[in-house]
Amino acid sequence: PSEQHFTIRYGDTGVSYEALIGPYLPGAREVVVEDPYIRLPHQVQNFVRFCEAVVKAGAARHIKLVTSYDADTSLADVQERLAELRQSLLELDVALEVELSPTLHDREIRLDNGWIIKIGRGLDFYQKPATWHEIGVHDLALRRRLAPAVGLFRAPCTPTAHTAKKKKNK
């Protein structure tokens, strides 16, 4: 894969999480998602779909989500949904770690193989379907998108806290 910078056009279809991040996942054992908007049910569902794309790639064993909340966020509901996802991922030998940050603003996906993915709207760049019985409801490649800027670039490989702790304990 190569570095890329582009803007997804409003209303376009054809880009799933697999298509967007799949080429950058080989060799990545750890994925860190910083997205302050994994709160509402559809945002958690987007994160589930993102995790499915990571699992399909096959190498990652640790996913960390750093997200935020506000006064309107039902933390109990979010934590319950993410606990269900954590259990599901554990059954596939993938650990999910969740960190809540009240000050998080930027969105970024870091892979421990050196790739960084920045999507202007984070994982929530799909339009809401007009009805829940139309094409694109379940297959995000067929769903219309909003218009985020996307940057995929190489960064120096630096161990994450999780990786550094594992090496220290060996």
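How each quantity is defined
- Residues numbered from 1 in each chain as written.
- Predicted model: local features only at pLDDT ≥ 70, side-chain atom pairs only at ≥ 80, totals over all residues.
- Heavy atoms only, no water.
- Buried < 20%, exposed > 50% of the residue type's maximum accessible area, 1.4 Å probe, protein only.
- Helix = DSSP H or I, 4+ residues; strand = E, 2+ residues; numbered from the N terminus.
- Pairing = 2+ DSSP bridges.
- Right-handed = clockwise from strand over helix to strand, strands pointing away.
- Core = buried A, V, L, I, M, F, W, Y, C linked by side-chain atoms within 4.5 Å.
- Contact = heavy atoms within 4.5 Å.
- Polar contact = N/O pair within 3.5 Å; in protein donor to acceptor, adjacent residues only side chain to side chain.

Caption draft 1: Seen up close, the pairing of strand β3 (residues 62-67). Burial analysis of β3 places six of its six residues in the buried class, which makes it a mostly covered element. The two faces of β3 match: His62, Lys64 and Val66 on one face and Ile63, Leu65 and Thr67 on the other face are all buried. As paired elements, strand β2 (residues 30-34) and β3 share five bridges and run parallel to each other. Of the residues in β3, the one forming a bridge with glutamate 34 is valine 66. In the classification by handedness, the crossover that spans β2, the intervening helix α2 (residues 41-57) and the parallel β3 is right-handed. Bridging between β3 and strand β4 (residues 95-100) involves six bridges; their strand directions are parallel. Among the inter-strand pairings, threonine 67 is bridged to a residue of β4, identified as leucine 100. What joins β3 to β4 is helix α3 (residues 75-90), and the crossover it makes is right-handed.

Caption draft 2: Highlighting the nonpolar core. Residues Val31, Phe47, Phe50, Ile63, Ile109 and Leu111 are the most contacted members of the largest nonpolar core, which totals 38 residues. A per-element tally of this core places α2 first, with seven residues. Those residues in contact with isoleucine 63 that sit more than four places away from it in its chain are Val31, Phe47, Cys51, Val54, Leu89, Val94, Ala95, Leu96 and Glu97.

Caption draft 3: View of the side chain of glutamine 43. One can find glutamine 43 in helix α2. Reaching out from glutamine 43, the side chain makes a polar contact with the backbone nitrogen of arginine 39 at a distance of 3.1 Å. Once residues lying within four places of it in the same chain are set aside, the contact partners of glutamine 43 are Tyr37, Ile38 and Asp124.

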